[in-house]
2 protein chains.
Amino acid sequence: MLNKNLKSWVDIKPDSDFSIHNIPFGIYSDAEVKHHACSAIGEYIIDLFVLESADLLDINRSVFEEEYLNSFIGLGKPVTNLIRKKLIDILCDQNSILKKDEHFFKKVFKKQSAVKMLMPVKVGDYTDFYSSIDHATNIGTMIRDPKNALMPNWKHLPVGYHGRASSICVSGHSFYRPKGQQKPADSDNPVFGPTKLLDIELETAFIIGKQTQMGDSVSTEKADDYIFGMVLFNDWSARDIQTWEYVPLGPFLAKNFASTISPWIVTLEALEPFRVKGYEQDPKLLPYLQYSGQKNLDINLEVFLKPQNGRENKICASNYKYMYYTMEQQLTHHTVNGCNINIGDMMASGTISGPQPSEYGSMMELTWRGTKPIKLNDGTERKFVNDNDTIIIRGHCNKDGVRIGFGECIGTVLPTK
Amino acid sequence: MLNKNLKSWVDIKPDSDFSIHNIPFGIYSDAEVKHHACSAIGEYIIDLFVLESADLLDINRSVFEEEYLNSFIGLGKPVTNLIRKKLIDILCDQNSILKKDEHFFKKVFKKQSAVKMLMPVKVGDYTDFYSSIDHATNIGTMIRDPKNALMPNWKHLPVGYHGRASSICVSGHSFYRPKGQQKPADSDNPVFGPTKLLDIELETAFIIGKQTQMGDSVSTEKADDYIFGMVLFNDWSARDIQTWEYVPLGPFLAKNFASTISPWIVTLEALEPFRVKGYEQDPKLLPYLQYSGQKNLDINLEVFLKPQNGRENKICASNYKYMYYTMEQQLTHHTVNGCNINIGDMMASGTISGPQPSEYGSMMELTWRGTKPIKLNDGTERKFVNDNDTIIIRGHCNKDGVRIGFGECIGTVLPTK
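Since the model is a prediction, treat every value here as computed from it, not as a measurement.

Each value, and the rule that gives it
- Residues numbered from 1 in each chain as written.
- Chains lettered and ligands numbered in written order.
- Predicted model: local features only at pLDDT ≥ 70, side-chain atom pairs only at ≥ 80, totals over all residues.
- Heavy atoms only, no water.
- Least-squares fit on C-alpha atoms with pLDDT ≥ 70 in both.
- Contact = heavy atoms within 4.5 Å.
- Pairing = 2+ DSSP bridges.
- Helix = DSSP H or I, 4+ residues; strand = E, 2+ residues; numbered from the N terminus.
- Axes fitted to C-alpha atoms, helices over the stretch in contact; angles between N-to-C directions.
- Buried area = accessible area lost by both parts, 1.4 Å probe.
- Salt bridge = Lys/Arg side-chain N within 4 Å of Asp/Glu carboxyl O.
- Polar contact = N/O pair within 3.5 Å; in protein donor to acceptor, adjacent residues only side chain to side chain.
- Domains from an automatic or database assignment.
- Nonpolar A, V, L, I, M, F, W, Y, C, P; charged D, E, K, R; others polar.
- Buried < 20%, exposed > 50% of the residue type's maximum accessible area, 1.4 Å probe, protein only.
- Core = buried A, V, L, I, M, F, W, Y, C linked by side-chain atoms within 4.5 Å.
- Phe/Tyr/Trp six-rings, centres within 6.5 Å; stacked < 30°, edge-to-face > 60°.
- Disulfide = S-S within 2.5 Å.
- pLDDT = per-residue confidence, 0-100.

Asks: Would you explain the relation of the copies chain A and chain B in this entry?
Replies: Each of the two chain copies can be brought onto the other by rotation about an axis and movement along it. Its rotation angle being 180°, the transformation that places chain A on chain B also includes 0.0 Å of axial translation and leaves an RMSD of 0.0 Å. In short, the pair behaves as if placed about a two-fold rotation axis. Every residue of chain A has its C-alpha some distance from the rotation axis, and the shortest such distance is that of Gly 250 of chain A, at 2.1 Å. Looking at chain A, 100% of its interface residues are interface residues in chain B too, so the copies touch through the same face.

Okay, here's the thing in structure tokens:
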């Protein structure tokens, strides 16, 4: 599926996330534009609303003028994939009006550094899974028993829970350190205050591209028809609040204060060439969760911590391929009971940890509950995230010299309000 | 605050939920109208869009033509309370054009039995609490240990979790019995099939009427400013799916297949006269959760089970006043970490059980896990809910001869699809 011969007339650096093989979708704003849909190539965004003033995509361009991509996505994959293909054609066509008409080029292309990316979709419902076996094993080992690290259900179904859609923010935001109840080990009663154990979770999320009705189930075979694309996801977590509140109904205030996503939705079609074999699932799953083919993805994921006025520190390098359950299995499980899904729903992976300590996707694991602090390049240490720290997640796929990526997922912690 | 002298010129039966003291808000549809906002009086709905063609409410009536009440609610309580007051005035005014102009009356008033009520709001995020001490104690006694029925956190915070907004349906719907994984006690491995233990949960929900920004917290004192009104809520639950899936991240597929609400939002202002003293909270709560004044509500709640072609059986009579935590405390807790809320968000109470066995708000409790089946008037028994059973929740307040109510919250279980 990878056509390595594709070559754009746009100058693209070899390490760009936005090669001609990517062509993701997003929403941008600048001094002139309140919100237009856009794609990306090299260091540019492509304003799809302005581009379509030249009737190059054969679509009613009003869909590119909306606040979110939901309506565009709702046109369905036959349309959105065709739009993406036409964009690729235009960007490879040496005779394209875009290449030849400098005035038009300047109207359509803007430097990514000169625009502000907005939330790409209006999220209806947000679900978070817990599907990395190394992460679940690490957490179970720390808070329970290394010999029974995984709960009995873990290898039979992709454990998941509902999260908060309202506080999902696009990259570049900042938020206040959350306050809440914590129960110190040496106290009979809870105390109240800012979380002392603010953590990150390195995740990705997929975005639903096709609606179902209540009672419908989506099979693993058909699941890809319902997945529009993926983003990077940081599931900020307050570990002390979580420990006290989460029994018996799961995480609540420990996670619903903020989540961060990368602004570009990388389509499932762009990711297809980077499919790899999935995790060997033993014991065998119930028939509805079984699947065939290569359904995992080789996506390199990195997390950086940048103190205020400091330099970036790479604190983790993981890979999506470490996921035990695939996105398709997650979606199938989510709908097997007839739960209906809507365009724009977001389903996150859960923390993606690899087997090596350098591949752990949360501070909790990286510092092993704070017992092994991370040394930063400015000489300071971190057990968890400090005020004014910025966390940056980056992710990209690389195969046979072809690279596509997600851009950045950046969030900054402000002191408690 | 209760003006018992209010008297409408509309003929209203003494046991009507829709007395002149109520004046709730909803959305209806019929052969002529796709969706209009409406209120209710006696056996009628009042079409607010048509009513405002006579300029009686002094508001841009386009807000009454929308699919949901969110924009109307977003006008703020100073406006929505004034509209409600004007409606009361019109309905009491013997010289009202509505009373005198029969043609206009017939355009504005429609029999409730002749229209279809729709979802009143577009729900952004949905949260479910677990705030009835009798319910939590019953469940803890059954699945854990009677001596440690309540988890250590229960009396320190209103335990809650995020639920699924997409499958909240308005009264009158039906849904398919959900399928999913269950783990029989005598088996090492899970099995797959329709739930055998389909349950109800008698709840109410409040609807957010005012937005906050991330980082904002709402105090118990200000909480009522953010609560527009209440509905009845049935949190359908598949107990066998729940038991297997819910550790460690809480209920997921056991509950996200369907929830049912009553169509009329009864405003907090209509409920004010029915405030009563809250539960004595011991141990004392952290300062942010403390409150003053009478913040509980005396709302009679009843649940009926109606087999296909059969008669109704009252299976439970409870009361909202049994809630340990108030709505205000729930909202304050929800936002204390800076979690932002939006107009239309729905926050449910959790199962509302009273201290007596006849007051238990779920089949799980009523039949004590199926060990004490309920005898129905057709001679059959129920441990849980059967296919084609209909569950009806009703709720009303009664004080000094004044009655207001919620109408009905009706859902029917169809055989697995």
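Asks: Teacher, can you tell me more about the sheet that holds strand 5 (residues 116-118) of chain A here?
Replies: All names here are of chain A. A sheet is described by the order of its strands in space; here five strands give the open sequence 4-3-2-1-5, paired in antiparallel fashion. Strands with a single pairing partner mark the edges of an open sheet, and in this sheet they are strand 4 (109-111) and strand 5. Pairs of neighbouring strands in the sheet enclose a mean axial angle of 50°, with direction left out of account.

Asks: Help me understand the interface of chain A and chain B in this model?
Replies: One frequent convention defines the size of an interface as the accessible area lost when the parts assemble. Contacts between chain A and chain B engage 58 residues on the former and 58 residues on the latter. Together chain A and chain B conceal approximately 5,400 Å² of surface at their shared face, both sides included; 61% is due to carbon and sulfur atoms. When the area that chain A buries against chain B is broken down by residue, the three leading residues are Arg 164, Leu 249 and Phe 252 of chain A, summing to 15%. Across the contact surface, chain A and chain B share six salt bridges. The salt bridge partner of Arg 164 of chain A is Asp 125 of chain B, with a shortest N-O separation of 3.5 Å. Our count for the chain A to chain B interface comes out at 30 residue pairs in polar contact (both at pLDDT 80 or more). At the level of elements, strand 6 (126-129), strand 7 (160-163), strand 9 (173-176), strand 10 (179-182), strand 11 (191-194), helix 7 (239-245) and helix 9 (327-335) of chain A are the ones that each hand at least two residues to the side of chain A that touches chain B. In terms of residues, the side of chain A that touches chain B owes the most to one element, strand 7 of chain A, which gives four residues.

Asks: I tried to follow the domain arrangement of chain A on my own but got confused; where do I start?
Replies: Residue and element names in this part refer to chain A. Assigned domains within chain A: domain 1 (26-118) and domain 2 (126-414). Look at where the C-alpha atoms of domain 1 and domain 2 centre, and you get two points 30 Å apart. With 17 residues of domain 1 at the contact, the number on the domain 2 side is 17 residues. For the pair domain 1 and domain 2, the two sides together bury roughly 1,200 Å², of which 67% comes from carbon and sulfur. Inspection of the region where domain 1 meets domain 2 yields one salt bridge. Glu 269 serves as the salt-bridge partner of Lys 77, at 2.9 Å between the closest nitrogen and oxygen. Where domain 1 packs against domain 2, one counts five residue pairs in polar contact (both at pLDDT 80 or more). Where the side of domain 1 that touches domain 2 is concerned, the elements lending two or more residues are strand 2 (36-41), helix 2 (70-74), helix 3 (77-92) and strand 5. A breakdown of the residues in the side of domain 1 that touches domain 2 according to their chemical character gives eight nonpolar, seven polar and two charged.

Asks: I keep staring at the environment of Lys 210 of chain A and nothing clicks. Help me out?
Replies: All names here are of chain A. With respect to the element layout, Lys 210 can be found in the loop between strand 13 (202-208) and strand 14 (227-234). Lys 210 sits 132 residues away from Asn 342 along the chain, and the two C-alpha atoms are 6.5 Å apart. Beyond its immediate chain neighbours, meaning those up to four positions away, Lys 210 contacts Asp 225, Tyr 226, Ile 341 and Ile 343.

Asks: Which parts of the structure should I look at to understand the sheet that holds strand 5 (residues 116-118) of chain B?
Replies: In any sheet, the strands associate via hydrogen bonds between backbone groups, in a parallel or an antiparallel arrangement. All names here are of chain B. Reading across from one edge, 4-3-2-1-5 is the order of the five strands in this open sheet, with antiparallel pairing throughout. If you trace the sheet from one side to the other, it starts and ends with strand 4 (109-111) and strand 5, each paired once. Strand-to-strand twist of the sheet, defined as the mean angle between neighbouring strand axes without regard to direction, takes the value 50°.

Asks: What's the story with the side chain of Gln 182 of chain A in this structure? I'm lost.
Replies: Residue and element names in this part refer to chain A. Tracing the backbone shows Gln 182 in strand 10. Residue class for Gln 182 comes out buried when judged on its relative accessible area of 4%. The residues contacting Gln 182, other than those within four sequence positions of it, are Pro 190, Val 191, Gly 193, Pro 194, Thr 195, Lys 196, Asp 240, Ile 241 and Trp 244.

Asks: Hey, could you run me through the pattern of salt bridges in this one?
Replies: Oppositely charged side chains are able to pair whenever their charged atoms sit close together. Within this structure, the stated rule accounts for 48 salt bridges over all chains. A salt bridge links Glu 201 of chain B to Lys 255 of chain B; the nearest nitrogen and oxygen atoms lie 3.0 Å apart. Highlighted residues: Glu 201 of chain B in the loop between strand 12 (198-199) and strand 13 (202-208) and Lys 255 of chain B in the loop between helix 7 (239-245) and strand 16 (259-261), separated in sequence by 54 residues. Of the two residues, Glu 201 of chain B and Lys 255 of chain B, neither departs from the other in class, the shared state being buried. Ionic pairing is found between Asp 235 of chain B and Lys 255 of chain B, a salt bridge with its closest N-O pair at 2.8 Å. In this pair, Asp 235 of chain B sits in the loop between strand 14 (227-234) and strand 15 (237-238) while Lys 255 of chain B sits in the loop between helix 7 and strand 16, placing the two residues 20 residues apart along the sequence. Both residues of the pair, Asp 235 of chain B and Lys 255 of chain B, count as buried. Each of Asp 199, Glu 201, Asp 235, Arg 239 and Lys 255 of chain A takes part in a single network of salt bridges with overlapping partners.

Asks: Please clarify how unusual backbone geometry should be interpreted in this entry.
Replies: Residues and elements named next belong to chain A. The linkage connecting Val 247 with the following residue, Pro 248, adopts the cis geometry, with an omega of 5°. The backbone of Trp 368 shows a phi angle near 45°, a positive value even though the residue is not glycine. Mapped onto the secondary structure, Trp 368 falls in the loop between helix 10 (363-366) and strand 23 (374-375).

Asks: Sorry if this is basic, but what is going on with the nonpolar core here?
Replies: Note on soluble globular proteins: their nonpolar side chains tend to be buried together. Grouped together as the largest cluster of nonpolar side chains are 150 residues, with contacts concentrated most on Trp 236 and Leu 331 of chain A together with Trp 236 and Leu 331 of chain B. Setting aside anything within four residues of it in sequence, one finds Leu 331 of chain B in contact with Phe 206, Ile 208, Val 218, Ala 223, Tyr 226, Ile 227, Ile 341 and Met 347 of chain B.

Asks: Just checking my understanding: could you explain the pairing of strand 14 of chain B for this structure?
Replies: Along a regular strand, successive side chains alternate from one face of the sheet to the other. All names here are of chain B. Strand 14 sits mainly inside the fold: eight of its eight residues count as buried. Across seven bridges, the pairing between strand 13 and strand 14 is antiparallel. Among the inter-strand pairings, Ile 208 is bridged to a residue of strand 14, identified as Ile 227. Pairing between strand 14 and strand 17 (residues 266-267): two bridges, direction antiparallel. Bridge pairing links Met 230 to Val 266 in strand 17.

Asks: I'm lost on the packing of aromatic side chains in this one. Help?
Replies: Where two aromatic rings form a pair, the distance of their centres and the angle of their planes describe that pair. Residue and element names in this part refer to chain A. In this structure the tally under the stated criterion is 38 aromatic pairs over all chains. When the centroid spacing of 6.1 Å and the interplanar angle of 50° are considered together, the rings of Trp 9 and Phe 109 count as tilted. In this pair, Trp 9 sits in the segment before strand 1 (26-29) while Phe 109 sits in strand 4, placing the two residues 100 residues apart along the sequence. Of the residues examined, Trp 9 reaches a relative accessible area of 15% and is grouped as buried.

Asks: Just to check I follow, could you spell out the state of the cysteines for this structure?
Replies: Note on terminology: a disulfide is the covalent bond linking the sulfur atoms of two cysteines. Taken as a whole and assessed by the stated rule, the structure comprises zero disulfides over all chains. We note that Cys 409 of chain B lacks a disulfide partner, and the nearest cysteine sulfur, in Cys 169 of chain B, lies 10 Å from it.

Asks: Mind showing me how you'd approach the environment of Tyr 44 of chain A here?
Replies: Residues and elements named next belong to chain A. Residue placement: Tyr 44 occurs in strand 3 (residues 44-47). When the C-alpha positions of Tyr 44 and Ile 168 are compared, they lie 25 Å apart, and in sequence the two are 124 residues distant. When near neighbours in sequence (up to four residues on either side) are disregarded, Tyr 44 contacts Val 10, Ser 39, Phe 105, Phe 109, Lys 110, Lys 111 and Gln 112.

Asks: Looking at this structure, I do not really get the pairing of strand 20 (residues 300-306) of chain A. What am I missing?
Replies: Residue and element names in this part refer to chain A. For strand 20 and strand 21 (residues 313-319), the ladder comprises six bridges, and the chain directions are antiparallel. Following the sheet pairing, Leu 305 is matched in strand 21 by Asn 313. Hairpin connection of strand 20 to strand 21: six residues between the antiparallel strands, including Asn 309 at a positive phi of 60°. Two strands pair when backbone bridges link them, and strand 20 and strand 25 (residues 390-399) are joined in this way by seven bridges, in the antiparallel orientation. Following the sheet pairing, Leu 305 is matched in strand 25 by Ile 391.

Asks: Help me understand helix 9 (residues 327-335) of chain B in this model?
Replies: Along an α-helix, a turn takes 3.6 residues, which lines up residues three or four apart on a common side. Counting buried residues along helix 9 of chain B, nine of its nine residues qualify, which places the element largely inside the surrounding structure. Every buried residue of helix 9 of chain B is accounted for by Met 327, Glu 328, Gln 329, Gln 330, Leu 331, Thr 332, His 333, His 334 and Thr 335 of chain B.

Asks: Sorry, what's going on with the confidence of the model for chain A here?
Replies: Low-confidence regions, as indicated by low pLDDT, have predicted coordinates that should not be scrutinised in detail. In this model, chain A carries a mean pLDDT of 97, and residues with pLDDT of at least 70 account for 100%. Interface confidence for the predicted complex, expressed as ipTM, amounts to 0.97; the pTM equals 0.98.

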